[in-house]
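Below are the chains, spelled out letter by letter.
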Amino acid sequence: MSYEKADVVIAGGGFAGVALALALRQGLGDSFRVVVADPAFAADARPDLRASAIAAAARRMFETLDVWDAVADEAQPILDMVVTDSKLEHAVRPVFLTFAGEVEPGQPFAHMIENAPLTAALVAKARAQGIELRAMAVTGFANEASGISVSLGEDGVSASLLVAADGAKSRVREQADIAIHGWNYGQSAIVTTVAHERAHNGRAEEHFLPAGPFAILPLKGNRSSLVWTETDAEAARIVALPDDQFHGELERRFGLHLGEIAASGPRRAYPLGLFIARAFVADRIALVGDAAHVIHPIAGQGLNMGLRDVAALAEAIVDAARLGLDVGGVDVLERYQRWRRFDTAVMGVATDGLNRLFSNESDVLRLMRDVGLGLVDRMPALKSFFIREAAGVTGEVPKLLRGEAL
Ligand SMILES: Cc1cc2nc3c(=O)[nH]c(=O)nc-3n(C[C@H](O)[C@H](O)[C@H](O)COP(=O)(O)OP(=O)(O)OC[C@H]3O[C@@H](n4cnc5c(N)ncnc54)[C@H](O)[C@@H]3O)c2cc1C
C-alpha cells in the first residue's frame, strides 16, 4: 500500500472530530494537512434524535470557529432551571432548587440545540474550508520511527498524529490497547421530542424520579427534548409501546403544566454508563470526546467535555507546530493528557455520584438530599459556583473556550 502524507489524521467526524479539524485549520492554515475519516460522511446514518445543552464556553468556541451563526436561530437559551425530587405517584412536585440561567449578564449558561443541525453546520463549514473529509473508516494503523501510518480501507495516510474521535466504541482506542475503566448503569435514556401547548419560557426542568432523572429541556418553539431515564428493560418496553400507550406513560411523568403534549417523531433508548480511558494518549495517538470518556447525561456535560478536549489538544498542537516541533511528539501528548485527564475524572465521579444519589427509592435518602437541595437553594454564592461549572468557565480554560482564536 502506498501512503499519502498528512500532518494529522482524525478518526471520526462527529462533533469532536470535525471541531478539531476546524480548530487546526483556523490555527495553522491549509498548509497543515488534516484528513478526517468517517464512513458516516457518505450515507445518511441513523439520524441523531438527541439535543444537547451547549454550555456557554462551548458556544464561545463555536462562535470563534465561525459555526454558531449558522445555528443561532435554532438554539434555545436556557433562561432558568428547576429541580424537583418526588415519587411518580405524587400529584404535586415541590421545587427544591431553582437556578437563574445567566453566567454573566446577558450570557445564558447554556443553549439547547438539536444534534442534527449542529453536526450539519460543522460538516458544512469543514467542506467550505476545503478540509478533507473521507467517507471511510480507519481500519488500522502502525507506528513507525517518525510517524504513524493509518489505513483507510484500501488507502493509506502517513501522519505525525492519529486522533481517535471515533466515539464510545473507539476502534482506535482498542487497537492501541488502551483499557477503559467504568461500568454500565443498567439504565437507558429514552430520548424523544415533545410538542406542547404552552410556552416553556426557556425553562429547563430536572425531575428526579425513583428510576432516575427525567429532564425536560427547552427547544425553539413550543417543543422540548426529553431525556427520560429508566432501567434498560423498562426503557426497551416503553420505547416499543404503541403510540397511545407511550403517550400515557409520558403524560404520567411529564404532567400537564405545559398544556396538552404530543411526542413528535421517533424515540430511541440510549444505554448509559461511565467509562474513562486509562490513558488519553499512546504513541502518536490522542483520544478525544466519547473515545476518551462517556459519562451519565444527568448534567448534560458529555459533549461539552469532548469540546474541552478538542480545544486543549488543538492548542497544544498549534503551539508545537508554530515552534516547528513534532505535533505527535511526547511533549504535545503529555501536555494534552495532563490538561484533560484529571478534570475528566472529577466530572465522571460527580455525575456518577449524582446519579446514584438520585436514582433510588429510599425515603431516608430522599429526605437527606432534599434538605441538601434546599440548603443549596438558599446559598447564592454556591449556586453561582454551580452555574459557572455548568457553563464550563472554571479551571484552566483553553483559549477557544474563552472565545480566543488560536
Ligand atoms: C441521551 C443522551 C443525552 C446527551 N445530552 C448531552 C447534553 O445535553 N450535553 C452534552 O454536552 N452531551 C450530551 N450527551 C453526550 C454527547 O451526546 C456525546 O458526548 C457526544 O455526542 C460525543 O461526540 P463524539 O464526537 O465524541 O462521538 P460521536 O458523536 O459518537 O462520533 C463518533 C464518530 O466516529 C465515527 N466512527 C466510528 N468508528 C470509526 C472508525 N473506525 N473510523 C472512522 N470513524 C469512525 C462514527 O461514525 C461517528 O460519526 C448526551 C448523551 C446521551 C446518550
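A brief structural summary. (Residues numbered from 1 in each chain as written. Predicted model: local features only at pLDDT ≥ 70, side-chain atom pairs only at ≥ 80, totals over all residues. Heavy atoms only, no water.)

Secondary structure summary: the chain contains eleven helices and 23 strands in total. Long-range pairs, those at least 24 residues apart, make up 76% of the contacts in the chain with a sequence separation of at least 6. Per element, the accessible surface of the chain, about 17200 Å² overall, is 56% carbon and sulfur. (Helix = DSSP H or I, 4+ residues; strand = E, 2+ residues; numbered from the N terminus. Contact = heavy atoms within 4.5 Å. Areas by Shrake-Rupley, 256 points an atom, 1.4 Å probe, with all protein chains shown as cover.)

So, about the pairing of strand β20 (residues 261–277). Note: strand β16 (residues 180–196) against β20, 13 bridges, orientation antiparallel. What sits directly across from Ser-188, in β20, is Pro-271. Here β20 pairs with strand β23 (residues 293–294) via two bridges, running antiparallel. Across the sheet, the residue bridging to Phe-275 is Val-294, located in β23. (Pairing = 2+ DSSP bridges.)

Across all of its chains, the model carries two aromatic pairs by this definition. Ring centres of Phe-214 and Trp-228 lie 5.6 Å apart, and the angle between their planes is 65 degrees; this geometry places the pair in the edge-to-face category. Of this pair, Phe-214 sits in strand β18 (residues 212–219) while Trp-228 sits in strand β19 (residues 223–231), and the two are 14 residues apart along the sequence. Across the pair, Trp-228 and Phe-214 agree in class, each one buried. (Phe/Tyr/Trp six-rings, centres within 6.5 Å; stacked < 30°, edge-to-face > 60°. Buried < 20%, exposed > 50% of the residue type's maximum accessible area, 1.4 Å probe, protein only.)

Time to look at empty space enclosed by the protein. Applying the stated criterion across every chain yields a total of one cavity of 30 Å³ or more. Volume-wise, the largest cavity comes out at about 30 Å³. In this structure, the largest cavity is lined by Ala-168, Arg-173, Ile-180, Phe-275, Asp-290, Ala-291, Ala-292, His-293 and Val-294. In terms of residue class, the lining of the largest cavity is made up of six nonpolar, one polar and two charged. (1 Å grid on protein atoms, 1.4 Å probe; cavity = no way out; pocket = protein on both sides within 12 Å on 5 of 7 lines; lining within 4 Å. Points joined across faces, edges and corners; volume = space filled by probe spheres on them. Nonpolar A, V, L, I, M, F, W, Y, C, P; charged D, E, K, R; others polar.)

A few words now on the nonpolar core. In terms of nonpolar packing, the biggest core is built from 102 residues, with Val-8, Ile-10, Leu-24, Met-61, Leu-162 and Ile-317 touching the most fellow members. Once residues within four sequence positions are removed from consideration, Leu-24 is found in contact with Val-8, Gly-29, Phe-32, Val-34, Ala-314, Ile-317 and Val-318. (Core = buried A, V, L, I, M, F, W, Y, C linked by side-chain atoms within 4.5 Å.)

So, about the site of the ligand. Taken together, 28 residues surround the ligand, and among them Asp-38, Ala-53, Val-138, Asp-290 and Leu-303 come closest. In the model, an oxygen atom of the ligand is placed 3.1 Å from a nitrogen or oxygen of the Arg-50 side chain. At 2.9 Å, a backbone N or O of Asn-304 approaches an oxygen atom of the ligand. Bound to the protein, the ligand loses 83% of the 1000 Å² it would expose on its own. Every element with two or more residues in the shell around the ligand is listed here: α1 (15–28), β4 (51–55), β16 and α8 (302–322). The residue inventory of the shell around the ligand, partitioned by class, reads 15 nonpolar, nine polar and four charged. (Near = heavy atom within 4 Å. Polar contact = N/O pair within 3.5 Å; in protein donor to acceptor, adjacent residues only side chain to side chain.)

Helix α4 (residues 115–128) packs onto α1 with a crossing angle of 30 degrees between their chain directions and a minimal axis gap of 10 Å. The pairing of α1 with α4 is recorded here as roughly parallel in orientation. Our pair here, α1 against α4, has a crossing hand that is left-handed. When α1 is examined against α4, the residues Phe-15, Val-18, Ala-19 and Leu-22 are found in contact with a partner set consisting of Asn-115, Leu-118, Thr-119, Leu-122, Val-123, Lys-125 and Ala-126. Among the residues forming the contact of α1 with α4, the class breakdown is eight nonpolar, two polar and one charged. (Axes fitted to C-alpha atoms, helices over the stretch in contact; angles between N-to-C directions. Parallel < 35°, antiparallel > 145°, perpendicular 65-115°, else oblique. Left-handed = near helix turned anticlockwise from the far one by under 90°.)

A complete count under the given rule lists 20 salt bridges for this structure. In this structure, Asp-326 and Arg-284 form a salt bridge, with 2.6 Å as the shortest nitrogen-oxygen distance. With Asp-326 in the loop between α8 and α9 (330–358) and Arg-284 in the loop between β21 (281–282) and β22 (285–287), this pair connects stretches of sequence that are 42 residues apart. Asp-326 sits in the partly exposed class, given a relative accessible area of 34%. Taking relative accessible area as the criterion, Arg-284 reaches 9% and is therefore assigned buried. (Salt bridge = Lys/Arg side-chain N within 4 Å of Asp/Glu carboxyl O.)

Glancing now at the side chain of Arg-340. Here Arg-340 lies in helix α9. Judged by relative accessible area, Arg-340 falls into the buried class, the value being 1%. Residue contacts for Arg-340: discarding those within four places in its chain leaves Phe-280, Met-305, Arg-308, Asp-309 and Ala-312.

Taking burial as the measure, the nine residues of helix α2 (residues 56–64) include eight buried ones, the bulk of the element. Regarding α2, the residues found buried are Ala-56, Ala-57, Ala-58, Arg-59, Arg-60, Met-61, Phe-62 and Thr-64.

This paragraph deals with the sheet that holds strand β10 (residues 110–114). Reading across the sheet, the three strands line up as β4-β10-β5 and stay open at both edges, with antiparallel pairing between neighbours. Bordering the open sheet on either side are β4 and β5 (76–77), each of which pairs with just one other strand. With two bridges joining them, β5 and β10 adopt antiparallel strand pairing. Residue pairing for β10: Gln-76 is matched across the bridge by Met-112. Sitting on the sheet, α2 touches β4 and β10, and the angle it makes with β4 is about 90 degrees.

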